[in-house]
Structures are given as C-alpha cells and as structure tokens.
There are 2 protein chains.
Amino acid sequence: MIEKQKLKAISGFPEWLPELRMVELKWLDTIRALFESYGYAPIETRAVEPVEVLLKQGDTDKEIYAIRRLAAEPGEVAEHALHYDMTVPMARYVAANMNELVFPFKRYQMQKAWRGERPQDGRFREFYQCDVDVVDVRDIPLHFDAEMPAIMFEALDRIGVGPTATKINNRKILQGYYEGLGIADAANTMRIVDKLDKIGPSGVGAMLAGELGLDPSAVAKILALTEIKGSDSSVLGAVEKLGVKSQTLEQGLHELGFVLDALKRFPTGAFVADLSIARGLAYYTGSVYETKLVEYPDFPTVCGGGRYENLVGSLINRRMPGIGISIGLTRIFWKMQKEGRIKPTRKSPSDVLVLFPRGGAYADVAATAQALRSRGLKVEMYHEDRKIDAQFKYATDKGIPYVWFLPAEAGAAHKVKDLARGEQHDADPLSWLPARLG
Amino acid sequence: MIEKQKLKAISGFPEWLPELRMVELKWLDTIRALFESYGYAPIETRAVEPVEVLLKQGDTDKEIYAIRRLAAEPGEVAEHALHYDMTVPMARYVAANMNELVFPFKRYQMQKAWRGERPQDGRFREFYQCDVDVVDVRDIPLHFDAEMPAIMFEALDRIGVGPTATKINNRKILQGYYEGLGIADAANTMRIVDKLDKIGPSGVGAMLAGELGLDPSAVAKILALTEIKGSDSSVLGAVEKLGVKSQTLEQGLHELGFVLDALKRFPTGAFVADLSIARGLAYYTGSVYETKLVEYPDFPTVCGGGRYENLVGSLINRRMPGIGISIGLTRIFWKMQKEGRIKPTRKSPSDVLVLFPRGGAYADVAATAQALRSRGLKVEMYHEDRKIDAQFKYATDKGIPYVWFLPAEAGAAHKVKDLARGEQHDADPLSWLPARLG
C-alpha cells in the first residue's frame, strides 16, 4: 500500500470530478464549435519543444518543466521541455510546415500547457488554453484585429461566464507616441509603463525618470496617455489633444479606430480602448487585448492576445505576420466553480438507466439497452439483479434522468419513468424519445 | 533565427497537418460518443503522477519521463513524472476520490501518455490512449467481461479500421491449470509463457524446464494449453480433455464460456479464445483481451485490456475490482495513414467561403458570413479585396466545398457555387442549406 500522501492532489495540477469534467468538456466543445464556425482548423502540437526554442521566444521569465527519462544517464542534459503556451509551438509548427500549409493559415488549438510557477488564486501549473491565430506570408488585413476580440467575446458569452470587459490598445500608439516624444528606448518605456497596475503612476514616473533619465514633462506626457480610456473614437481625439506626433502613432490610432468601429455592434462596456495596457509579451507589435470578468475585477486576466509581426518569421528568417487570442480556460473554470456558478446535476452522461428486473436475464436487459442506444440515446443498463431500491438509488445518485422497466411479463409493455417529475408511462424502445435531457 | 534543426520533428512525438488532425478529432469524437452511449462518464487526470506511484504499478519496465523545473536547484530530485498510461492514474484518482464517486464507477479517459521508449513502427513516445474502465467496491458482474471487448470492437468498427480480431483468454484458466499441474510458481510460468510470440514453443519449453525445473510432462501440458484456440465453447472441451483439474481453472473456463457466448452476435473471427495469451501486465486476474488489425498481422496490438481485482484496492488497502480496455489511438491512426487509408480532402472545417467582391466593403462580407454562421454553418470570409481567381484558389486549396457571392448590385440575389459540381444558383443567407458537406 502506497502511503496516503501519494494519493493527494499535486498543488497546481487540478483535477475535476466527472460531473465537473462533463461541464468542462461542454465548454471545450462550445469553444471548438465557435472557432470552427469562423473557419479555423484544428491542430495539436506535441507537448514538448526543444528547450532552446522555448527560451528564445515569448514568456521567457516563466518557469519551464524540462523532461528527462528516469533511466537517463546521470550527466544527460534535458533537451526538451513541456510547452508553457500554444503560441510558441504554433509558430514553430508553422515554420516547420511552411510548404504544406495553405496561407493565410488559420488554426485553433485547445491543449494543456505547463508552467512551474507558484500556484495561487487562478494560477495553475497545468491548465487548458484555447487559442486561435492567423498567420500569413502576406499582410494580414486589419479586420482580423476586430475578429479576434469578437471571437473572444462570443466564446466567453457562450460558456456563460460574462459579462466580460476587453481592454484594447495598439502597440504602435505607444511606440509612436514615445518616438514622438523623442524617447529612444521605447521598449523599456513600455516595459516600465506595463507596471502601472502594480506600482501606480507615481512608481512608474519615478522609474521612467530614474532608469531612463526622462525629464518631468516627458514623464507627464507618458502618464497622461495612460489615462485615456473610452469605447468610441473620442479616445483618438483625446490622444491627438496631447499634441504628440509621429507616423507610427498615426497608424496606431487609425488601427485602433478601425477596431473600435468594427466592434460597435457589441454591448456597451464589452470593449474599451485603454491606452495604459501594453501586454507583457515582447512579440506584440500592433493591437493588443486583455479580458477580465466584470464581476471579479480583482481576478487576473482571463484572455489575452494581439498582433505580432515577427514571431513566426524569426524562426525562419522571413516576414510572417500573425494575430491571435488565447482563452485561459482552466482559470475561468476554476473561478466559476469557486463562485458557485457551476452546479452540475449529472455524474453520468446516461439519459436512461435500464433496470435489471428481479430474476431477469442479462440478455434481455442488454437487448433493450442496445435498442435504445442504436437510436442515439446514452444508455446504461443496471449491472446486476438487485433490489429495485438500490437500482433507483444508483440512477438518482448519478443524476440519470430516466429509468426504464422491462415488461413484467411476456406481451406486456416496457415502461419508462421520468425521475424528476415522477411520471411513468408505457414506452417502446424502438420509438421512445425523452421529453427532456438534463 | 534558430537553427533549422530546432524546427525538425522530435522522434516519437508525432504531429499532424490540419487535414489529418480533423480526421483524428473525428475519431476521438466517435469513440467518445460510443463510450458515452454506454454510460461511461469522462474524467481527465493530470499529466503527472508521483514517481513512486508510477514505479509501483503496472508496466514498470517502461521508460518514464520525469519532469523538473529548469530553474530547480541542481540537487533537487524529480518528484513527478508524466503518466505512461491511463490505468494507473485512474486507479489513483479513484482511490483519492473514494467518497465523492458513485459506484460502480464507470469512466472513460482519452488523453496523451508518454513513454521514453525507442520509437519504432507504431511505437511512439507521445500518444493518445482511449480507455474505459469500471471499478466497484462490490463484485463486478461477469457481463462486463463481455461488454469490454464489444465496446472495443464497436469503436474500431466505427472509425473504420476493421476488420479486427480480438484474442480472449482468462488468467484464472492459466493460474488454475498451472495449479492443477502442481506448479507452485504460476506467476513466473505465466511470464515465461507470455514470451511465446518471441521465442516460440521450444524456447518457452526450455525456459520452463531450465528456470522453473519443470519436468517434460508438465512442460508438454503447458504447451498443449497454448495451442487451444477457437471462437466457441468447443475450446472449453478441448481444455477439459487435457485432464488437468482445479477450482480456479473451472471458474476461468466458466467465465470464458460466458464471454464467448455473449459475443456470439458479432461477425465470425471478431473474437477468438486463445489460451496462449497472458498480457504482460502483472495486475490482470481474470479476462484478458488483445486486439489486432486483421489486415496487418505483423503490426503490434492496437487494443488491450482485462480484469484486475487488486490494482485500485492496493492503493487504499481495500478490495476494489476493476475491468477495462484501452485503445492505442495514435498507433492505429499512424498505421492507417501510412497504409493510405486516410485520405483527407479538407484542410479547413469551413462549409462556405464568402468571397470578397472587388471594391466591396468588409462590413457587407462580414454581415453575410455572420448570417450564415448564426444558422450553424462554418463560414470563412475571404479576408481581403483580391482577384477572384486567388479567392477561388484559396477555397480549392483548403477544400472548402462552397463559395458565396454577395449581390453584384443592390437588390440582386446572393449566389452560391458548389465547387465540386460546378453548379451555381441564387441563395438567401437566411435560409440556404448546403446539399452536401465534405
């Protein structure tokens, strides 16, 4: 016997009971159907990448799990590690399969990822991500910048976790605005501004002055930009009023304006331009998005994404722009469960439990179950000749909505009972359809 | 730029192009629907288990991948490793969630597993397994011994990889027969007999005599048993004719007879009692199964399973019998592909490509795509204003069956074209349904 300790949960590696897994699968199915309805094709990448590929791209501050055979020689260095997102593997997959793919390549990917971070509220070491991305060898038209947040909105709406609020910005606005101010190091300015949530405007101002040596008027201009928020094109005017000018800024404002305009059909508050967000990832170059659950403002971002011009191309030395979003499914699922917003009633997918009549024959029960199954129903047969009370209890405990009685005698009718309503009536296994399915 | 080497495939970690992943997903959906039609509930276990749990159970000769944070201290020992099957994680999951589960617990699980073995024909380091198991705190009735191979048959039949041949034996027959011969060490006898495929009867005979010191008549009796094969109860008579007797043997024959009888409804050759098979795994105690693809007799086993009385219980010191099967999905998928039996035509899930009219407006194209989508169709819009030839080529290259034309002028009708048939006709985005979907 293995010590009890070994049966315990592993921190950060969540597992769900069947009734919750059924809900999670429904979410995954819903999101998959949505992604496919937009014409995104599925891929699944291997769980591991070369350590070098993971370290050179993206979130390099993330803790990475290397894998190594237990039987490996002591000195053997781990070459491969578990992926920590879907974006870097997708970029590698596209680069590796250039000649087999049709461009623009539109793919979705719904897989587990792993990060060795310290687990905390909503942060896991093993988690599902659901991503869509478009990658092309040509320019990617701007309307994809609107399609991405629209898909994000629809996905979260369909799984019933709304209302959501997606903040939108454009890296070109930040880049161009800093350039217009004559700041040479736009990348580090962005990195510091990204800390706004954590250290506040005064902290950011101090770092900009201290680390980058910016003068007070430049710092004030930078902070003024971060205060601009709004859901329509008035934000563009507000930026222009700040009096900073550059071509890149102009392009960024045009792009943001296009996106806001294309998203007008959505409910108020669903999308807000917020010029303070930058997204941590180095590879974004245009639109960036991050989504929060409105009812849980302190809960971390649940979706993120953006446009990247050089991520895929950097692997093969060729320009290949891309744009995508990622839904942090496990995080959302965990939160909704914790908030009591997931209330599963079914512990089994079965629509019907065929009861085993006292003294009955297995073959008869099996034949009836098979007849119902052949018509697309999900059917368990009770597995042994046992008191009917125990059989009913099994159906009730698993939340199976209907129980089925074989004919009590030759020539008599089958019967079916709706357990929730207590209604029972004659039924034919070759034609009966349930009135409701839980 | 990362060296090209890093973009290459990693041996044993297969990946598929989108058109193949779509087929793989269809297989997974088909098997999942089948499992659910029998009332099995989904679970998904974390990818890792404590190293100790993996080493104490099951296939301990398998190479295991331990995981370890790249940032870990040099001396830090890897505590966790990737699971190499679904059975051991399921047993641990059941033991850990005893009080939350309703028994008999019937679950399915379709996940990747990892083994650090040398990759070769049909053997991968990362692969899907699709498992169903029943575990109970009480005895599990014998009809599950028939349900398991029946599900296995249906699964392989539905994904179109048949004909299949499943060999069935019962460990109690082997155990009881060896006991009846007065052999003390039945486990090692079984282990040696399991090598029949590799070293032949003479090799097995030599080992039985050499290692276990069995006399020639016992060796002859053991080899005689391995020669018995057949698809009906005549095999039971053939065993009885060998004149060996024990209670366990009798019980085993009764069980095998029941299973063969219950499987009579299947095509000839689908199930064959074969008293030579033992299955390598130590934990089986009753029925055992292994399935081959009839057309590829040299290809390894594609499904396996059996009954185990003590696997789950051994984790919590309580008797908990179980029975299950496992489908080696990746292996089968790879083989079918290699044999040219998977011929995907679609590289996109899209049913329709809405063309972008020259000089047209994005909003009009998007609105039509959205109207079609709202009715459950999978719809891509062509992403830019470009020559119609290029747009048609995109649809053809991705295998999208229909292209949609927006009205050429206000008041005119939409049109849709079936690319395979070359037929084109007027259509309303609010009511049109495709005649065929690829």
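To start, this report covers the structure provided alongside it.

1. A few points about the overall build of chain A
Scanning chain A from N- to C-terminus turns up 14 helices and 17 strands. For chain A, the C-alpha atoms occupy an extent of roughly 95 × 60 × 45 Å along the three principal directions. Here chain A, with 438 residues, has 60% of them falling under the buried criterion. Counted over contacts in chain A with a minimum sequence separation of 6, partners at least 24 positions apart contribute 70%. Element-wise, carbon and sulfur atoms account for 50% of the exposed surface of chain A, whose accessible area totals about 17600 Å².

2. Notes on the packing of aromatic side chains
Tallied over the entire structure, the rule returns 37 aromatic pairs over all chains. Residues F258(A) and Y362(B) carry aromatic rings whose centres are separated by 6.0 Å and whose planes lie at 40° to one another, so their mutual orientation is tilted. You can see F258(A) sitting in helix α10 (residues 247-262) and its partner Y362(B) sitting in helix α13 (residues 362-373), one on each of two chains. Residue class for F258(A) comes out partly exposed when judged on its relative accessible area of 27%. Within the aromatic cluster, the residues linked to one another by ring pairs are W16(A), W27(A) and F333(A). The ring of Y38(B) is capped by R373(A), whose NZ or CZ atom sits 3.8 Å from the centre of that ring.

3. As for the environment of L430(A)
By the element assignment, L430(A) lies in the segment after β17 (423-427). Of the residues examined, L430(A) reaches a relative accessible area of 61% and is grouped as exposed.

4. With respect to the interface of chain A and chain B
Contacts between the two partners involve 99 residues from chain A, matched on the other side by 98 residues from chain B. Here chain A and chain B share an interface that buries about 8800 Å² over both sides, 59% of which is from carbon and sulfur atoms. Linking chain A with chain B are 16 salt bridges. Here E44(A) and R21(B) are joined by a salt bridge, their closest N and O atoms 3.2 Å apart. The tally of links from chain A across to chain B stands at 39 residue pairs in polar contact (both at pLDDT 80 or more).

5. Describing the relation of the copies chain A and chain B
Placing chain A over chain B gives an RMSD of 0.0 Å and needs a rotation angle of 180°, together with 0.0 Å of translation along the axis. Classification of the inter-copy transformation places it as that of a two-fold axis. Among all residues of chain A, the one whose C-alpha sits closest to the rotation axis is I67(A), at a distance of 2.3 Å. Of all interface residues in chain A, 99% are interface residues in chain B too; the two copies therefore contact each other through one and the same surface.

6. What about the nonpolar core?
By size, the foremost hydrophobic cluster in this structure holds 170 residues, and its most contacted members are W27(A) and W27(B). If near-sequence neighbours (up to four positions away) are discounted, W27(B) is found in contact with I159(B), V161(B), L329(B), I332(B), F333(B), M336(B) and I342(B).

7. Things to note about helix α6 (residues 186-193) of chain A
Residue and element names in this part refer to chain A. Within the sequence span of α6, burial applies to A186, T189, M190, I192 and V193. Buried residues along α6 cover an arc of 165° about the axis, so they all sit on one side. Those residues of α6 that are buried are in contact with α5 (171-180), α7 (196-212) and α8 (216-226).

Cut-offs applied
- Residues numbered from 1 in each chain as written.
- Chains lettered and ligands numbered in written order.
- Predicted model: local features only at pLDDT ≥ 70, side-chain atom pairs only at ≥ 80, totals over all residues.
- Heavy atoms only, no water.
- Helix = DSSP H or I, 4+ residues; strand = E, 2+ residues; numbered from the N terminus.
- Buried < 20%, exposed > 50% of the residue type's maximum accessible area, 1.4 Å probe, protein only.
- Contact = heavy atoms within 4.5 Å.
- Areas by Shrake-Rupley, 256 points an atom, 1.4 Å probe, with all protein chains shown as cover.
- Phe/Tyr/Trp six-rings, centres within 6.5 Å; stacked < 30°, edge-to-face > 60°.
- Lys NZ or Arg CZ within 6 Å of the ring centre and 35° of its normal.
- Buried area = accessible area lost by both parts, 1.4 Å probe.
- Salt bridge = Lys/Arg side-chain N within 4 Å of Asp/Glu carboxyl O.
- Polar contact = N/O pair within 3.5 Å; in protein donor to acceptor, adjacent residues only side chain to side chain.
- Least-squares fit on C-alpha atoms with pLDDT ≥ 70 in both.
- Core = buried A, V, L, I, M, F, W, Y, C linked by side-chain atoms within 4.5 Å.
- Arc of directions from axis to C-beta.

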